[in-house]
Amino acid sequence: MLLKHLRALSVLATTFVASLAAHADYHVDILPPVTPVSREIYNLHFGILWVCVVIFVIVFGAMFWSVFKHRRSAGAKASQFHENTTVEVIWTIVPFIILIGMAYPATQTVLNMKDTSNADMSIKVTAYQWKWEYDYQQDGVKFLSNLATPRDQIEERDGKVGAPKNENYLLEVDNPLVVPVGKKVRLLITSNDVIHGWYVPQLGINQYGIPGFIKDAWFEIDKAGTYRGQCSQICGKEHGYMPIVVVAKSPEEYAAWVKDAKAKMPPPATVAAATPEAPAGATPPAADPNKKWTLDELKSAGEKLYAANCSACHQPTGKGMPPAFPALDGSKVATGPKAAHLATVLKGRPGTAMAPFAQLADADLAAIITYERNAWGNHTGEAIQPAEIAAARK
Amino acid sequence: MEQTQPTGYYFAPPSHWPVVGSIALFFMASGGVLLMNSYGVGWIPFGIGIFTLVYMLFGWFGTVIRESEGGLFNAQVDHSFRWAMSWFIFSEVMFFAAFFGALWYARQYSVPWLGDLDNKLLWPDFAAHWPTAGPYRPPEFSAMHAWGIPAINTLLLLSSGVTVTWAHWALKKGDRSNLIFGLALTIILGVTFITLQAIEYGHAYSELNLKLSTGVFGSTFFMLTGFHGFHVTLGVTMLIVILFRSVAGHFKPDHHFGFEAVSWYWHFVDVVWLLLFVFVYWL
Amino acid sequence: MSTASHTHVSGALDDHGHAEAHDHHGPPAGFTRWMYTTNHKDIGTMYLWFAFFMFLLGGTMALGIRAELFKPGLQFFDPEFFNSLTTVHGLVMVFGAIMPAFVGFANWLVPLQIGSADMAFPRMNNWSFWLLIPAALLLIGSFFVPGGAAASGWTLYPPLVIQQGISVDMTILAVHILGASSIMGSINIITTILNMRAPGMTLMKMPLFVWTWLITAYLLIAVMPVLAGAVTMLLTDRHFGTSFFNAAGGGDPTMFLHIFWFFGHPEVYIMILPAFGIISQILPAFARKPLFGYASMVYATASIAILSFIVWGHHMFTVGMPAAGNLFFMYATMLIAVPTGVKVFNWIATMWKGEMTFETPMLFAIGFLCLFTIGGFSGLVLAIVPVDITLHNTYYVVAHFHYVLVSGALFAIIAGIYFWLPKWSGKMYNEGLGKLHFWLSMIGFNLAFFPQHFLGLAGMPRRIPDYALQFAEWNMWSSIGAFIFGFSQLIFLYNVIATIRSGKPAEQKQWEGADSLEWTHLPTPMPYHTFVTPPIVR
Ligand code: HEA
Ligand code: HEA
Ligand code: CUA
Ligand SMILES: [Cu+2]
């Protein structure tokens, strides 16, 4: 069809523009597609782009011709015609036909991308403010995926210079979504708090996660590699800091990864991981859940974990951002009976941004809660032990 | 449609009412914002705003009524009022359409979706049916029965549509006593409607456990019937004004748009009720 | 239409035909002239100044956005404040700048162009304007309350706005008030057009600007109440325990999106149809040739308006509608290209074989034509569901809507100001400054927004304060362009003020090709009350 020729033309033109832009990062194009659907999208876009370019050139060619020829300074005299049914009918019908030519291939792609049946595996994706949770329905792996770019690369305010930025600045996570190539993967996308968007351009997926509803999408990657994306729907303060990284591996490597990941569950931050510079003598709490910790040990581990998990909302200062995010400094919950504090953190507050944090390890939660109860102006002097968390979970 | 302009356009003199009205709304909005966020002081600006608004409405409508009775409005102005009232009512129709749309969407889409196979992952025990208060710890409640108070209210409103028409017919004949009688009857029917509606709400809250917060059913039920009830109240208020004007000898058999506007509005409120009765109570 | 035989071309100044209650001809003195006025010209002027002020304010916020995005990293603002800037920039531009500017044009021009003495309801007209002030105070004031201004995007999607603070309530009530203002304004405009036309001014003789506003006013009456309903539900979800948009109670956040966009899409046409009207007045005037296809222009405008009610789903292709829904909205959206194309072709046919000169209004009109069409094409690209999937909520969308809103709506407004300023103020603006303004705007605008297409294609999401390194280069250029564009608007401001203060007197028919009643029947400067006795149009 017409589109075929235009595709060839577009390849030519893109290589031309790409070579122009080779030096700096002057991307002008959709990123290289790696799934059947995103390839169709890529072609559709370029087909339509070129149709539009051609129409533009014809229409505005005519206009500029007229601007040059029919101007007073070139001696033009105004004619007075103001109607011509024939041309008016033509320029109503011709665009209509062009549009049908665009709609036809687009319809096929829509039907294809909406067909999530016969998937080889499915992964439940839950969005939280501001991280993703991946729950492999068949393989039994479940973990959180957080931004991995250090804060000091981001902050340049108040005269700060900011550390040199990583290559994948803002597009890197601690635990990427790992999937096998050549398998049809169905995503069950939802959210725990507000609307987010799971968007990875190269996979041709951009699907809102809507709290309380499951929406699905699918992809089948045909090339091993790392594909990056971001949350596409404004979801609050850290919306810009909610990247998605998908690593596609061969099925064998994927199987090995699953084994590994299962062994490490729960993989996200443990006290040990989050406190590389933990005070000497602090043993990783995962090692011995029954060990009694001192207040100081818990507090210093808790500070790091608090920074990683809670400070986005409640702020490093504990002052929160009222009225959306309450202050913990001086809060009744953080200074009152322990049970309410434990319940808030373990179960969250349904219907608010305060998500349950039960996925964190007992020792981590113990550290965080101890920290909250003894930081800033809070001085309960209480050390919460991992065993108490374990008990509260029941 | 091909109305054209005769001479004698009435130049409304400069007026302070619009600015007063804007100030009123500013105070009302500020007060409302404070109140909704539990700052008790909000009552002060809110009160000032309401008071100013009422003052403005009296002043403004008073001016228009005086102009009208003073014969300053020609046929063209009358015609303008007709267009304006029609499109105002149309805008009200669209306002209700948003809420009816919400009801339709909830019943037709969101509730069935919440109960479908995929959403079993999130709400394993939810069975989609209507009425519902949603899948999250739904409270026990019952829906309002259509054939009790609501049916009586339907009859009341339908008859009140007849009584305004009667009053209108009397006005056109220049029969003032029947006009006043018809209007009074309409007002009584309207007030009875509102009273019954209040009783119904009390019943819903105390016996049916049906509240504004009872999930999407409670939300749509109370917002639709509530806004309708609010419009009935407005309508009754306007009818009362018209009644007083009729008693004061306003309106002529061939020149009484003030009356007609109110009766149009009343019919509109009537029609909305019929839709409510069918879609909220009955089906 | 252009011929009329009425007696006083010299103006209605000395006409005593109106009601005895009130017998002065010039404006009353002092500030109460503006506060209490019932004169459509005064009200139009106030609308336009208000809009311009809000444009500068919203533009300043846009420059804040562009400054933060000049390079990666957070340099100036906290992310939450950045989101507030984006949100309030959108709201202020849409509800504070573009819409009031068009209402200002309607106030000035509708009575003049249909030969009516004023608007049908002059007092309500004044109220429509004065309602803007409390709304603007609430909107802008929301920056100064605890928690900062609304930061959910101008689309106010729940549950995010449910989380946010007191400022959201202020925003919601501001929207209610703006809605009331727009509804009253539209009722006024419709009634004026349908009921106050001069003898002989049949509907199909009305200038196209009047037609586009008639249709726009219908759109407004139909959708502003729906928006009011939508934000009311937000308010009750926030404070009164309803569950319209909360799945736990059986509602659905998507429901808000449907209701919002049922308003939102017609809303964007509300912001472009009057622009079409202005352009349809300007192009024939400088081509010295009647508008091509007058009737088909009217029908095309009406078709666009009608279609606009059934395309809202194109903002929601990624919410997970069923395939049938996506396809329906895709087809309906694509259809709009047909009537819009008819308009574009008619404009070009109007220029064809004309006798063109290129004063500032004409330059902006031609700029509008080219750039709006680019924006239309990117809209068409977005209408294709699969393509929208990769572009939704990226900078491609930002590029699209600034092409239709800035180089569409705003360019048309600027063109219209240059076109009618001589008539309104009685003075002629400085042509050289006007041309400078045009060329700087052209360069700045395209530099600011064309690269945003590339950013979107490469996957840069919108509403983010910081971005990955591969987006750095185009963002830098975009920011530079935005500053050029922004500051060149100060030339415009200066030019308008200088004209009003000390411009050379303009002629009655400053543009020889202009043929609507305000040019053919009224002197320059115009008297305070015009067409007290209606002209007779043949
Ligand atoms: C003045 C405002 C305005 C106008 C006129 C338009 C016009 C159009 N818009 Fe746009 N749009 C917006 C303002 C506007 N839009 C805004 C503000 C948003 C974002 C909101 C938000 O999310 O914040 C948006 C977003 C938006 C989206 C959603 C993108 C997304 O979020 O993913 C889509 C998708 O379909 C779209 C499509 C269109 C189309 C098809 C048109 C058509 O009307 C264009 C028709 C015109 C032409 C096509 C050009 C002329 C025609 C010819 C020369 C004829 C020949 C042509 C062919 C046969 C191809 N728009
Ligand atoms: C309706 C019309 C309209 C107009 C005219 C504009 C005008 C501009 N817009 Fe805006 N824009 C929107 C409507 C509009 N916008 C909407 C609806 C959104 C979406 C919001 C959302 O996501 O929710 C948006 C979002 C938006 C974004 C995306 C933000 C984000 O996603 O994070 C950006 C970024 O570049 C941007 C930039 C600009 C710029 C540079 C201008 C320039 O054209 C502005 C130029 C004008 C000036 C710069 C004023 C000049 C003033 C001075 C020079 C200072 C002097 C000061 C005084 C005298 C007091 N806009
Ligand atoms: Cu999550 Cu944006
Ligand atoms: Cu749209």
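These figures come from a predicted structure and were not determined experimentally.

## Considerations on the overall build of chain A
Part 1 of the argument: When its secondary structure is counted, chain A shows 12 helices and 10 strands.
Part 2 of the argument: Within chain A, contacts between residues separated by at least 24 positions form 65% of all contacts whose residues are at least 6 apart in sequence.
Part 3 of the argument: Accessible surface, chain A as shown: approximately 17500 Å² in total, 62% of it carbon and sulfur.

## So, the site of ligand 1
Part 1 of the argument: Taken together, 31 residues surround ligand 1, and among them Tyr269(C), Asp388(C), His392(C), His400(C) and Arg462(C) come closest.
Part 2 of the argument: The environment of ligand 1 is shared, with nearby residues belonging to chains A and C.
Part 3 of the argument: Contact between ligand 1 and His392(C): an oxygen atom at 2.7 Å from a side-chain N or O atom of the residue.
Part 4 of the argument: Contacts to ligand 1 include Arg462(C), whose side-chain N or O atom sits 2.8 Å from an oxygen atom.
Part 5 of the argument: Every element with two or more residues in the shell around ligand 1 is listed here: α9 (253-270), α13 (337-351), α14 (360-383) and α16 (395-425) of chain C.
Part 6 of the argument: Of the residues belonging to the shell around ligand 1, the class tally is 20 nonpolar, 9 polar and 2 charged.

## With respect to the interface of chain A and chain C
Part 1 of the argument: If you look at the interface, chain A gives 95 residues, while chain C gives 102 residues.
Part 2 of the argument: Roughly 8400 Å² is buried in total at the junction of chain A and chain C, and carbon and sulfur atoms are behind 68% of that figure.
Part 3 of the argument: Area buried by chain A at its contact with chain C is led by Arg72(A), Trp91(A) and Ile234(A), which between them contribute 8% of it.
Part 4 of the argument: Where chain A meets chain C, there are 4 salt bridges.
Part 5 of the argument: When the shortest N-O distance is used, the salt bridge between Glu156(A) and Lys71(C) registers 3.2 Å.
Part 6 of the argument: Along the contact surface separating chain A from chain C lie 34 residue pairs in polar contact (both at pLDDT 80 or more).

## Concerning the sheet that holds strand β7 (residues 205-209) of chain A
All names here are of chain A.
Part 1 of the argument: If you walk across this open sheet you meet the 5 strands as β4-β10-β9-β6-β7, and the pairing is mixed. With partners counted over all chains shown, the strands left at the sheet margins are β4 (177-180) and β7, one partner each. Strand after strand, the sheet turns through a mean of 25 degrees between neighbouring axes, direction not considered.
Part 2 of the argument: Of the strand pairs in this sheet, β4 and strand β10 (residues 243-249) are connected by 4 bridges, and their pairing is parallel. Bridge pairing in β10 places Val-179 opposite Ala-248.
Part 3 of the argument: Across the sheet, helix α5 (residues 251-263) is in contact with β4 and β10; its angle to β4 comes to roughly 140 degrees.

## Comments concerning the coordination of the iron atom of ligand 1
Residues and elements named next belong to chain C.
Part 1 of the argument: Inspection of the coordination sphere of the iron atom of ligand 1 shows a single protein donor, His-400 (NE2), at 2.1 Å.
Part 2 of the argument: Here the iron atom of ligand 1 and the copper ion (ligand 4) are spaced 4.5 Å apart.
Part 3 of the argument: Along the polypeptide, His-400 turns up in helix α16.

## Here we look at the site of ligand 2
All names here are of chain C.
Part 1 of the argument: Residues in close proximity to ligand 2 total 32 residues, the closest being Arg-66, His-89, Trp-154, His-402 and Arg-463.
Part 2 of the argument: Elements supplying a minimum of two residues to the shell around ligand 2: α2 (40-68), α3 (79-114), α16, α17 (431-457) and α18 (472-502).
Part 3 of the argument: If you tally residues by element for the shell around ligand 2, the top one is α2, at 8 residues.
Part 4 of the argument: Here the shell around ligand 2 is built from residues that sort into 20 nonpolar, 9 polar and 3 charged.
Part 5 of the argument: A domain-level breakdown of the shell around ligand 2 finds at least three residues from each of domain 1 (35-254) and domain 2 (272-524).

## Quick word on the packing of aromatic side chains
Part 1 of the argument: In total, this model carries 104 aromatic pairs over all chains according to the counting rule given.
Part 2 of the argument: Taking 5.4 Å as the distance between ring centres and 65 degrees as the angle between the ring planes, the aromatic pair formed by Tyr306(A) and Trp376(A) counts as edge-to-face. Here Tyr306(A) is found in helix α7 (residues 295-309), whereas its partner Trp376(A) is found in the loop between α11 (362-374) and α12 (386-393), with 70 residues between them in sequence.
Part 3 of the argument: Residue class for Tyr306(A) comes out buried when judged on its relative accessible area of 2%.
Part 4 of the argument: Pairing Phe276(C) with Trp347(C) gives two aromatic rings, centres 5.4 Å apart and planes at 65 degrees, and the pair type is edge-to-face. Taken together, the residues span a long stretch of sequence, with Phe276(C) in helix α10 (residues 273-287) and Trp347(C) in helix α13 at a distance of 71 residues.

## Some points on the interface of chain A and chain B
Part 1 of the argument: Contacts between the two partners involve 11 residues from chain A and, on the opposite side, 9 residues from chain B.
Part 2 of the argument: Buried surface at the junction of chain A and chain B, summed over both partners, amounts to about 790 Å²; 67% is from carbon and sulfur atoms.
Part 3 of the argument: The interface formed by chain A and chain B holds 1 salt bridge in total.
Part 4 of the argument: Across the salt bridge formed by Asp118(B) and Arg186(A), the nearest N and O atoms sit 3.2 Å from each other.
Part 5 of the argument: Taken together, chain A and chain B are joined by 3 residue pairs in polar contact (both at pLDDT 80 or more).
Part 6 of the argument: Sorting elements by how many residues they give to the side of chain A that touches chain B places strand β5 (residues 185-191) of chain A first, with 3 residues.
Part 7 of the argument: Of the residues belonging to the side of chain A that touches chain B, the class tally is 4 nonpolar, 3 polar and 4 charged.

## Brief notes about the domain arrangement of chain B
Residues and elements named next belong to chain B.
Part 1 of the argument: Here chain B is partitioned into domain 1 (11-72) and domain 2 (75-282).
Part 2 of the argument: The straight-line distance from the C-alpha centre of domain 1 to that of domain 2 is 25 Å.
Part 3 of the argument: When domain 1 packs against domain 2, the two sides together hide about 400 Å² of surface, and 51% of this comes from carbon and sulfur.
Part 4 of the argument: Contact with domain 2 buries area across many residues of domain 1, yet Ile-65, Ser-68 and Glu-69 alone supply 86% of it, more than any other trio.
Part 5 of the argument: For the interface between domain 1 and domain 2, the tally reads 1 salt bridge.
Part 6 of the argument: With a shortest N-O distance of 3.5 Å, Glu-69 and Arg-245 are connected by a salt bridge.
Part 7 of the argument: Summed over the shared surface of domain 1 and domain 2, the result is 1 residue pair in polar contact (both at pLDDT 80 or more).
Part 8 of the argument: Considering only residue class, the side of domain 1 that touches domain 2 consists of 2 nonpolar, 1 polar and 1 charged.

## Description of the environment of Lys504(C)
Residue and element names in this part refer to chain C.
Part 1 of the argument: Within the secondary structure, Lys-504 is located in strand β2 (residues 504-505).
Part 2 of the argument: In sequence terms Lys-504 and Met-428 are 76 residues apart; their C-alpha atoms lie 5.3 Å from each other.
Part 3 of the argument: Residues in contact with Lys-504, not counting those within four places in the same chain, are Gly-426, Lys-427 and Met-428.

## Overview of the pairing of strand β9 (residues 225-231) of chain A
All names here are of chain A.
Part 1 of the argument: Bridge analysis of strand β6 (residues 196-200) against β9 gives 2 bridges, and the strand direction is antiparallel. The partner of Trp-198 across the bridge, within β9, is Cys-231.
Part 2 of the argument: When β9 meets β10, the two strands line up antiparallel, connected through 6 bridges. Considered in β10, the bridge of Arg-228 is made with Val-245.

## Quick notes on the side chain of Asn346(C)
Part 1 of the argument: Relative to the helices and strands, Asn346(C) is located in helix α13.
Part 2 of the argument: Polar contacts involving the side chain of Asn346(C) include one to the side chain of Ser296(C), which spans 3.0 Å.
Part 3 of the argument: Look past the residues within four positions of Asn346(C) in its chain and what remains in contact with it is Glu88(A), Trp91(A), Phe292(C), Gly293(C), Ser296(C) and Met297(C).

Parameters and conventions
Residues numbered from 1 in each chain as written. Chains lettered and ligands numbered in written order. Predicted model: local features only at pLDDT ≥ 70, side-chain atom pairs only at ≥ 80, totals over all residues. Heavy atoms only, no water. Helix = DSSP H or I, 4+ residues; strand = E, 2+ residues; numbered from the N terminus. Contact = heavy atoms within 4.5 Å. Areas by Shrake-Rupley, 256 points an atom, 1.4 Å probe, with all protein chains shown as cover. Near = heavy atom within 4 Å. Polar contact = N/O pair within 3.5 Å; in protein donor to acceptor, adjacent residues only side chain to side chain. Nonpolar A, V, L, I, M, F, W, Y, C, P; charged D, E, K, R; others polar. Buried area = accessible area lost by both parts, 1.4 Å probe. Salt bridge = Lys/Arg side-chain N within 4 Å of Asp/Glu carboxyl O. Pairing = 2+ DSSP bridges. Axes fitted to C-alpha atoms, helices over the stretch in contact; angles between N-to-C directions. Donors = N, O, S within 2.8 Å, 3.2 Å for Na, K, Ca; no water. Domains from an automatic or database assignment. Phe/Tyr/Trp six-rings, centres within 6.5 Å; stacked < 30°, edge-to-face > 60°. Buried < 20%, exposed > 50% of the residue type's maximum accessible area, 1.4 Å probe, protein only.

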